[in-house]
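Below, each chain spelled out in residue letters.
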Amino acid sequence: MEAERKKDEARRKEIGKYRLGWIMAKLRELGWEKEARRWKKDDEFINTHCLMTDHEWTVIQPQVMHLMEVERENIRQEKIGQHIKQRIEKWLKPAFTKFVLEQPPNEINPNILDVALSNEWRTLLCTSPFEDDLDEFLVDAASERIPEIAKAWRKDRVEHFLEAIRKSKTYLGQEVTEDTLLLASTIFRCTLCRRAGDGCRGAGDVLTYPHTLVHLCHFLWEGEPEFHIVPRDAEWTAPPKSASVGEGLKKKESPGFHIVPRNAEWAVPFKSASVGKGLKKSPVFRLYCREEKHIFTALGPKVGVWDGLDPHIVFDDAAHEHMLSILDALGWSRDTTAAEMEEKQPYVECLCKCYHRSWETPTRKVLRWKKAIFECEAHEEKDGETKWFSKLDDEESLDCKQYDAKERIKSTHLNCPWCNNHRNIFPYETAPDILQHMKMCPAISPGCSSEAIEHVKKSDGTSEDLW
C-alpha cells in the first residue's frame with residue numbers, strides 16, 4: 001500500500017509539472033509572461049490527476065486571465081509606488097525639512113505624513129503620468145502652502161481637545177475656547193499610558209497644551225489604517241452608528257466615509273468607533289484614488305498615523321482642582337498658562353492626602369508642579385478648607401531651583417518634529433533618545449540630519465521632562 005501511495009504521489013507531481021508548464025507556455029504565448037512569473041500557482045489548476053487539454057484550457061482560461069489582470073495591476077501599482085516615493089524624497093522631504101528648520105525649536109507642527117495628506121500635496125504626489133518629474137513651479141506653490149496647512153492642521157487638532165474638555169465634569173455646559181486650552185489647569189490624562197506603565201509614558205502622563213497635540217498614543221505605530229477610496233467630488237455620507245452587542249463592544253460597522261468638504265484645507269480621517277474600554281479599531285482614511293495609498297506605504301511604517309483621541313484621552317477633573325489649588329498656594333492667577341508653568345517650574349509642599357499614606361512614615365513632601373499633578377487623585381469627599389499645597393519660602397525656592405539646574409535629568413524623548421516619534425530606530429536601544437532617533441529619521445531630508453539635531457538641541461526640553 002505504501003509503495004502504491006508513493007507511486008501515485010510521484011505520478012501526481014509529474015502531471016502537475018506538466019500542467020504548469022503547459023499553462024505557463026500558453027500565458028507566454030498570450031503575452032502574460034511577466035505576470036505569470038509572479039503568479040502564486042493555484043493548486044486548483046495544477047494538482048489534478050488529468051493531463052492538460054485544449055478543451056480544459058477553454059474552461060479555466062477566464063479564471064486564469066482574471067488572475068493575470070490582477071497581477072498586471074499589482075505590477076503597475078508597484079511602479080507607481082516607486083515613483084511616488086521618489087517624489088517624496090526629491091520634493092516633499094526637502095520642502096518639509098526647510099519648513100521645520102524655520103520654526104521655533106519648541107513649535108508643535110504636523111508631521112510629514114500630515115502634510116503629504118493635505119489636498120495640495122496628495123494631489124501633487126499622485127499627479128500622472130508618474131514617469132514624468134513634477135513641475136517645479138507647482139512644487140514651489142505647494143511648498144509655500146505648508147505654513148497654511150500647518151495652521152489648518154492645528155485648528156482641526158485643537159477642536160478634538162476642545163471636545164474632550166466639553167465632555168468633562170468641570171466644563172459641562174460651559175463655553176470652551178482655545179484660550180481654555182492654554183490654561184495650566186487644563187490637564188488631560190492618557191488612559192493608555194497609565195495601563196502600559198512608564199515605558200509608554202509621555203510627559204509623565206500629565207498632558208498640557210500644546211505638547212499634548214503630539215502625544216505618542218494619538219498615533220498608530222503598528223498595523224495599517226483602513227482605507228476608503230472615495231472620489232474627490234463625492235458628496236458626504238455620514239458613517240452609520242453601530243449597534244451594541246454587549247458591554248463595551250460594538251458590531252463591526254458598515255463601511256462609512258468621511259468626505260472632506262471640497263474647500264477644506266486639511267483632510268481629516270474618520271476614526272471608527274471604540275471597541276471595549278480603552279481599545280480602538282484602526283482609523284479610517286478617505287483616499288481620493290488608489291494611488292494615494294502609496295503615500296502611506298512610503299511614510300506610514302515609521303511616521304505617526306493620526307488615530308484620534310477617543311477613548312484614551314480625558315480631561316482630568318481631579319488634576320484640574322489640584323492645579324487650581326497649587327496656583328492659589330503660589331499666589332498666582334488662576335489664568336496662569338501651562339507655558340508659564342513650564343517656564344517657571346515651581347515647586348510646592350504637598351499637604352494633600354494624595355501624597356501621604358497612613359502606612360508610611362510621615363515626611364515632608366516637596367515636588368515640582370508636574371510631579372505633584374501626576375500623583376494627585378480624585379477625593380472621595382470634600383476636604384472643606386483643608387490646604388492641599390503650601391508655598392515654599394524664598395530660601396527653599398532657591399534650593400529647588402539650584403537642584404533643578406544641577407540634578408534633575410532632562411528627558412531626551414521629546415517628539416521628533418518630522419515624524420512625531422521619539423523612539424529609536426533600532427529596537428535594542430531601549431532608552432528613548434531623540435538625538436539617536438534623528439540620525440536615521442526616515443522623514444528628514446537626506447543629508448540634513450545634522451541640521452535637524454542642532455535644531456532640536458535648541459529646544460528647552462520642558463515638554464517631557466523627567467523628575
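Thresholds applied
- Residues numbered from 1 in each chain as written.
- Predicted model: local features only at pLDDT ≥ 70, side-chain atom pairs only at ≥ 80, totals over all residues.
- Heavy atoms only, no water.
- Helix = DSSP H or I, 4+ residues; strand = E, 2+ residues; numbered from the N terminus.
- Contact = heavy atoms within 4.5 Å.
- Areas by Shrake-Rupley, 256 points an atom, 1.4 Å probe, with all protein chains shown as cover.
- Axes fitted to C-alpha atoms, helices over the stretch in contact; angles between N-to-C directions.
- Parallel < 35°, antiparallel > 145°, perpendicular 65-115°, else oblique.
- Salt bridge = Lys/Arg side-chain N within 4 Å of Asp/Glu carboxyl O.
- Buried < 20%, exposed > 50% of the residue type's maximum accessible area, 1.4 Å probe, protein only.
- Polar contact = N/O pair within 3.5 Å; in protein donor to acceptor, adjacent residues only side chain to side chain.

*Asks:* What should I look at first to understand the overall build of the protein chain in this one?
*Replies:* The helix and strand tally for the protein chain stands at 17 helices and eleven strands. Relative to all contacts within the protein chain whose residues are 6 or more apart in sequence, the contacts with residues 24 or more apart total 69%. If you sum the accessible surface of the protein chain, you get close to 25,200 Å²; carbon and sulfur atoms cover 53% of it.

*Asks:* Is there a simple way to think about the packing of helix α4 (residues 54-101) against helix α8 (residues 146-166) in this case?
*Replies:* Where α4 contacts α8, the two axes come as close as 10 Å, and the packing angle between them is 70 degrees. Considering their axes alone, α4 and α8 lie roughly perpendicular with respect to each other. Across the interface between the two elements, A95, F96 and F99 of α4 pack against I146, P147 and A150 of α8.

*Asks:* Is there a simple way to explain the pattern of salt bridges in this structure?
*Replies:* Working definition: two side chains of opposite charge can pair if their charged atoms are close together. All chains considered together, the criterion is met by 27 salt bridges. Notably, a salt bridge pairs E71 with R38, separated by 3.3 Å at the nearest N-O pair. Of this pair, E71 sits in helix α4 while R38 sits in helix α2 (residues 33-38); the two residues are 33 residues apart in sequence, bridging distant segments of the chain. In this structure E71 comes out as buried when scored by relative accessible area, which is 13%. Among the residues examined, R38 registers a relative accessible area of 32% and is labelled partly exposed. Salt-bridge contacts for E89 lead to K93; the nearest nitrogen and oxygen are separated by 2.6 Å. With E89 and K93 both in helix α4, this residue pair falls four residues apart, about one helical turn. When its relative accessible area of 30% is taken as the criterion, E89 is described as partly exposed. Residue K93 is classed as buried on the basis of its relative accessible area, which comes to 7%. Several salt bridges share partner residues, and in doing so they unite E73, R76, R290 and E291 into one network.

*Asks:* Help me out: how do you make sense of the side chain of D114 in this one?
*Replies:* Here D114 lies in helix α5 (residues 112-116). At 3.3 Å, the side chain of D114 forms a polar contact with the side chain of W153.

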